[in-house]
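# Notes for the structure review
Chain by chain, the residues run as shown.
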Amino acid sequence: MELSKRRFKEDFKRMLTELYSMDVPRSDPAEQYFTLGNLVRSYSARNWSRTNQHYLDRKQKQVYYFSMEFLLGRMLKSNLLNLGILDTVRSGLKELGIDLETVAKVELDPGLGNGGLGRLAACFIDSMATCEIPGHGNGIRFKYGLFKQKFVNGYQVELPENWLQNGNVWEIRRTNMAVTVNFYGKVWLEKCPEGYLIPHYENDSKVLAVPYDSPVIGYRNETVNTLRLWSAEMPPQDESTDYWSYIQQRNRIESISEVLYPDDSNFEGRLLRLKQEYFFVSAGVQSIIRHFRKMNVRMNRLAEKVSIHINDTHPALCVPELMRILLDEEHMDWEHAWNVTVNVMSYTNHTIMSEALEKWPTDMISTLLPRIYQIICEIDRRYAVKMGALYEREIIERTRIIEGGHVKMAHLAIIGSHSINGVAKLHTAILKEKVLHDFFLMYPSRFNNKTNGIAQRRWLMLANEPLRRMIDSKIGSDWESMPTELKMLKAFRNDEATLRDLAEIKRINKERFAAYVQQDMGLTINPDAIFDVQIKRLHAYKRQLLNLLHILSLYFKLKDNPAADIYPRVFIFGAKAAPSYTYAKEIIKLVNSVASLINKDPDIHDKLKIVFVENYGVSLAERIIPAADVSEQISLASKEASGTSNMKLMLNGAVTLATLDGANVEIRDRVGDENIIIFGLKEEEVYEYYHNRSYHSKSYYDNNPVLRRVLDALIDGTIPGIEAEGKDIFNSLVLYGDEYFVLKDFDAYVLAQENIDRLYRDPLKWQRMALINIADAGVFSSDYTVLQYATDIWDVAAKARRV
Ligand code: 26W
């Protein structure tokens, strides 16, 4: 938008007076933040309603991205950037004596997600608006997002994160668009004179779903889409309701949108979680149908106007919910309704970890959602009949939706969608060949790959302004809306001045992070050291332990020989563990204990430091990523569906140290073997070990003296304060099979780390690798990813962009 500095300052002062009866010199950062937020909203308001009107006038097909999680991060600067007024506002505020950074920090980071899946959803809605795709988010307005993590004596402690306590400037409560969601009760079907069946409900309990809409502003265009998050409320009561039962019922209802489940890749069949899933699915689908009716198009053409995307299986109930509406409210016959439903739905799988797969007990679903359960049974029955005529009985048994007293949500999503995608080439191949092979045989054309991507606006333009400026000065700013143009940087691969600039920028970012660590943790780290970063949820398959065992091996090397030639390193960890995941919490305690041992050891001087940041999330990622030299992507091959921090780190010039897993494979294909460090077992080898049951971790302990010493340190008192944890972890690796092949990959990892140590000593060579990584990161923009979804899956119009 066009905005002069003068007008901005006037608008700001006026808004400050209107909202707070306050003038600039006496106002505090919180007042300034809310003033600015309101101003941004007012600047985007006209385009928001225009966008909606435009879609409606042209009866354009709409995409609804259903996701249990949207891990947005702070929105102020991102919205300013997308409106094209970040620099004007920053300098206008400066003239008023206000620092934008201070104001931006007032915003509480909305952590409405666990990790990769939730952050991907946030990048996607940003990219959809930017690419002018009519696409909107649909989710839950959790009162409490992911817990706040504290370390107490090295242990993770979880605290509530009340992100709404000061209000949320971005949202608009739309009471008039509330819908009712039904739970429990009895249902029976009755044939009406016209011939169709009508359901009758008895004793059901109703929940009011109230939408809160936030604008999703496209980057420097006029598109403003919508993120709709639902809040559960008590429906209006009749006056006879008893006061105490009213309060109790209200608490029960409001608990539905109270808190995000903090589990990632571990399924627990909790009733409240099922309520959450149906709650936002039903509210979302109902509001879509309500909006569709305004278009005056017949319901059997729904798929021409609406696409619903199911982000992992959490919203898989979209399938029976749409069927319910088409059958019970629109009185369509089953075949037509099913045809419409399958054409509307598409589904993304984000994990092959079997413990993450959702399967709900049938009695839980039939009690909570009696009508939905009837419909699921009928979908399942018809599937078995139809496919039973074509395939062997065993295949049908393996792929049915209802089996062994459970409803398998992945099967429901697959059978009910016209498209099923994985999130990286390798992941999709594993789905087709292994995990979902039976379905692939039946529905080969439904399967496709969409490699994940990241919003380069947040992860480079906002997080790393020095790098952005430097890139602009070298290749202009077209890359900002066409990120593959970053490859033009390669022209500078042998230009020493550019490589030195790059080193200088990295240095500035490392100093900035070091200052933060000093202030926040009281820990001194050396910006000349290699900053080696592993930031992601704590999970055994991601192998933070492999990283730690290597650190211990360096520690012993230095203890044995304080003069050992080890390039100084700062190992940076950020990770939350699911509160019920004991093993992951033990690893956190272990890393913290090793950190206190090493960081305090005078023999080590400045050569090794461990920084385990508390409460890792989007805001901390924005600080850490620009300062990273090395990106640790060391999951056991086949287990990490894609990874997205790998993309963010390469975009900021870190060199990837990786197994051939997830999108690391595609990163390697882009940058070439000389610009990435690959090590470890390959996916086929892992499957071969499974097949032959031939991995025996103990022999690695027995035969490798370095590894033995490191492992013994877990149980021999070398590391104070980890008696119980050390023993559990030791046993898991040495005695109980080492599920994720940590010991098997240890040697290869140590060698790869030695390679990094060597490469880093040649600054120009290292910076050339960094430059190639930045230049090749453009294809991993989520702009391209959503454009591929738009053409291949959703069949919606988008603004053409070159890839
Ligand atoms: C029911 C518990 C639960 C909760 C969340 C199970 C599974 C999940 C998610 C699917 C876990 C997740 O976030 N997966 C990550 O998705 C990213 C985006 O596609 C990928 O980049 C990561 O590799 C994948 O682990």
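Predicted model only: the values in this text are computed from it and were never measured. (Residues numbered from 1 in each chain as written. Predicted model: local features only at pLDDT ≥ 70, side-chain atom pairs only at ≥ 80, totals over all residues. Heavy atoms only, no water.)

## With respect to the packing of aromatic side chains
What the rule picks out here adds up to 25 aromatic pairs. Taking the centre distance of 5.8 Å and the plane angle of 80° together, the rings of Phe-183 and Tyr-278 count as edge-to-face. Note that Phe-183 is positioned in strand S8 (residues 179-183) and Tyr-278 in helix H8 (residues 271-293), a separation of 95 residues in sequence. For the pair shown, Phe-183 and Tyr-278 are each scored as buried. Measuring from ring centre to ring centre gives 5.1 Å for Phe-679 and Tyr-749, while their planes differ by 50°; the resulting arrangement is tilted. Separated by 70 residues along the polypeptide, Phe-679 in the loop between strand S25 (677-678) and helix H26 (683-692) and Tyr-749 in helix H30 (residues 742-760) bring together distant segments of the chain. Both residues of the pair, Phe-679 and Tyr-749, count as buried. Taking the ring centre of Tyr-687 as reference, the NZ or CZ of Lys-434 above it sits at 4.1 Å. One residue, Lys-648, lies across the ring of Trp-459, its end atom 4.6 Å from the ring centre. (Phe/Tyr/Trp six-rings, centres within 6.5 Å; stacked < 30°, edge-to-face > 60°. Helix = DSSP H or I, 4+ residues; strand = E, 2+ residues; numbered from the N terminus. Buried < 20%, exposed > 50% of the residue type's maximum accessible area, 1.4 Å probe, protein only. Lys NZ or Arg CZ within 6 Å of the ring centre and 35° of its normal.)

## With respect to the site of the ligand
Lining the immediate surroundings of the ligand are 19 residues, of which His-350, Asn-452, Glu-640, Ser-642 and Gly-643 lie closest. Ala-641 places a main-chain nitrogen or oxygen 3.3 Å from an oxygen atom of the ligand. Here an oxygen atom of the ligand sits 2.9 Å away from a polar atom, N or O, in the main chain of Gly-643. Out of a free accessible area of 570 Å², the ligand has 96% covered by protein chains. Sort the elements by how many residues they give to the shell around the ligand and helix H6 (residues 116-130) lands first, with 3 residues. Along the lines of polarity and charge, the residues of the shell around the ligand split into 6 nonpolar, 8 polar and 5 charged. When we break the shell around the ligand down by domain, the ones giving at least three residues each are domain 1 (59-74 + 109-452 + 786-794) and domain 2 (491-681 + 740-780). (Near = heavy atom within 4 Å. Polar contact = N/O pair within 3.5 Å; in protein donor to acceptor, adjacent residues only side chain to side chain. Areas by Shrake-Rupley, 256 points an atom, 1.4 Å probe, with all protein chains shown as cover. Nonpolar A, V, L, I, M, F, W, Y, C, P; charged D, E, K, R; others polar. Domains from an automatic or database assignment.)

## Observations concerning empty space enclosed by the protein
Per the stated rule, a full pass over the model turns up 4 cavities of 30 Å³ or more. Here the largest cavity is characterised by a volume of approximately 400 Å³. Contributing elements (two or more residues each) for the lining of the largest cavity: helix H2 (29-57), helix H3 (76-83), H6, strand S11 (205-217) and strand S12 (224-233). Examining the composition of the lining of the largest cavity, we find that 5 residues originate from one element, S11, more than from any other. Split into classes, the residues belonging to the lining of the largest cavity amount to 18 nonpolar, 7 polar and 5 charged. Computed from the structure, the second largest cavity encloses a volume of approximately 90 Å³. Looking at the second largest cavity, it is lined by 14 residues, and the ones nearest its centre are Leu-502, Lys-506, Asn-652, Gly-653 and Gln-767. Put simply, the parts of the chain that give the lining of the second largest cavity at least two residues each are helix H20 (496-521) and helix H31 (763-775). Considered class by class, the residues forming the lining of the second largest cavity number 7 nonpolar, 5 polar and 2 charged. (1 Å grid on protein atoms, 1.4 Å probe; cavity = no way out; pocket = protein on both sides within 12 Å on 5 of 7 lines; lining within 4 Å. Points joined across faces, edges and corners; volume = space filled by probe spheres on them.)

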